[in-house]
Amino acid sequence: MLQDQQILRIPGPSPIPPSVQRAMSQPMIGHRGQETSQMIKSIGPRLKKVFGTSQEVAMITGSGTAGLETAVVNIVQPGDEVLVIVTGAFGERFTKICEAYNIKTHQLDVEWGQALNPANVKQFVQNHPEIKAVFSTYCETSTGILNPIKELAEAVREVSDALIVIDGVSCVGGVETKMDEWGIDLMVTGSQKAFMLPAGLTFVAASERAWNVIETNEQPRFYLDLKKYRDNLLKDTTPFTPALSLLFGLEQVLQLIEDEGLEQVYARHQLMMNMTRAAFKALDIPLLTSDAFASPTVTAVQPDDFDAEAFRKVIKQQFGLTIAGGQQHLSGKIFRIGHMGYCSPADILQTLGAMEIGLKMIGKEIELGKGVAAAQQIYLKEGAIV
Ligand SMILES: *Cc1c(COP(=O)(O)O)cnc(C)c1O
């Protein structure tokens, strides 16, 4: 039995709800038939709500990085100048993609664990008036911070027409996203994080300002050409064979989100973050990030007196509980708990309870139950269903 029980608490891929799993096992259908058109038609407006946009949301078969590359190839061309704000490993991915396309790329580095500062970005853009686009992550998965993208867009807009491009892969669907209202020009997300699906779909939406650029951008592109996706969506179809099983699942994901209510989904993520953070504070184990910039989808913990890797190993061995380690220079120094998508306050209590045992087993002196109790208190205060 236990071999079959995997507790997956990494920041993506995330667990799949049973009803979504069932939806994905439906028999295959023709991708140019009526049923597929109906499905795409039904998905469209519901997906827009999650993005907070009235624009079409392209559904492209590929992992999140395909979505990031889509953003790049559709709005800039070789010789263009861009700014990439790097708050962690995923921010750097935009730099790598831009450089692969010979885009003149400036990088604004922020200390890992901190969020970007809109005033600094504004200053940078002011000093480099040729910058055509500013790239940033929303949730920086490698450190568990949530960048203030609304404030970022506001600040940049005051001094520049640069497009604001956001990698929301590890949080859209779990945290508030108001693309139109906030003035975000391109928003990208993926299926395997807060969207509760397997990897394989990436979603990309563009603002009207961005469309003006996309339509005249001469960068060669074919599979990732956003115009193809938009033109086909307007006819309730896709330019290439869609990942139909994932779309079956997506329909059910949207149903689950609507049944719970988008605001409630956001509140649940906030609650899970608060419970997790309260537990580590009670156990006196340092968090990597401050409360102000903590992401509701992933929490990074930075132990100062025990080995993060030994800890991860023991909880995997004892409970089949998988959490993530650190990336690059934080490798071995932090561990990260994913709490996004199909994850509940009850799951958090389970995770924390198992982790306390793991801590004891590697010799960390803690009082058993102290972290769980702090999380329970948060639940009673903020989460109880009335
Ligand atoms: C997971 C993730 C990605 C996408 O990675 P893929 O492996 O290509 O799906 C991109 N950005 C962020 C912030 C992520 O967390």
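Here, the structure is the one placed above.
What you see is a predicted model; the values in this text were computed from it and never measured. (Residues numbered from 1 in each chain as written. Predicted model: local features only at pLDDT ≥ 70, side-chain atom pairs only at ≥ 80, totals over all residues. Heavy atoms only, no water.)

## What to know about the environment of Val84
- Relative to the assigned elements, Val84 resides in strand 3 (residues 81-86).
- Separated by 51 residues in sequence, Val84 and Phe135 place their C-alpha atoms 4.7 Å apart. (Helix = DSSP H or I, 4+ residues; strand = E, 2+ residues; numbered from the N terminus.)

## A word on the pattern of salt bridges
- Inspection of every chain in the model, using the stated rule, returns 19 salt bridges.
- Between Lys150 and Glu154 there is a salt bridge, with its nearest N and O atoms 4.0 Å apart. Taken as a pair, Lys150 and Glu154 lie in helix 6 (residues 149-159) at a separation of four residues, close to a single helical turn.
- With a closest N to O distance of 2.9 Å, Lys281 and Asp291 form a salt bridge. Of the two residues, Lys281 sits in helix 11 (residues 262-282) while Asp291 sits in the loop between helix 11 and strand 11 (298-301), which places them 10 residues apart along the sequence.
- Under the relative-accessibility criterion, Lys281 is labelled partly exposed at 44%.
- Salt bridges linked by common partners bring Arg157, Asp185 and Arg209 together as one network. (Salt bridge = Lys/Arg side-chain N within 4 Å of Asp/Glu carboxyl O. Buried < 20%, exposed > 50% of the residue type's maximum accessible area, 1.4 Å probe, protein only.)

## Points about the side chain of Asn232
- Relative to the elements of secondary structure, Asn232 occurs in helix 9 (residues 226-233).
- Classification of Asn232 as buried rests on a relative accessible area of 18%.
- Among all residues touching Asn232, those that are not within four sequence positions of it are Thr237, Thr238 and Pro239. (Contact = heavy atoms within 4.5 Å.)

## Details of the packing of aromatic side chains
- In the structure shown here, the tally under the stated rule is 11 aromatic pairs.
- Residues Phe195 and Phe203 carry aromatic rings whose centres are separated by 5.0 Å and whose planes lie at 40° to one another, so their mutual orientation is tilted. As far as the burial class goes, Phe195 and Phe203 line up, both buried.
- For the ring pair Tyr223 and Tyr229, a centre distance of 6.4 Å and an interplane angle of 85° mean the geometry is edge-to-face.
- Note on Tyr229: relative accessible area 4%, which makes it buried.
- Here a set of aromatic residues connected by ring pairs shows up, and it is made of Phe222, Tyr223, Tyr229 and Phe240.
- One Lys or Arg, Lys193, reaches over the ring of Phe90 and ends 5.4 Å from the middle of that ring. (Phe/Tyr/Trp six-rings, centres within 6.5 Å; stacked < 30°, edge-to-face > 60°. Lys NZ or Arg CZ within 6 Å of the ring centre and 35° of its normal.)

## Some details on the pairing of strand 2 (residues 57-61)
- With respect to burial, strand 2 is a largely interior element, four of its five residues being buried.
- Pairing between strand 2 and strand 10 (residues 201-206): five bridges, direction antiparallel. Across the sheet, the residue bridging to Ile60 is Thr202, located in strand 10. (Pairing = 2+ DSSP bridges.)

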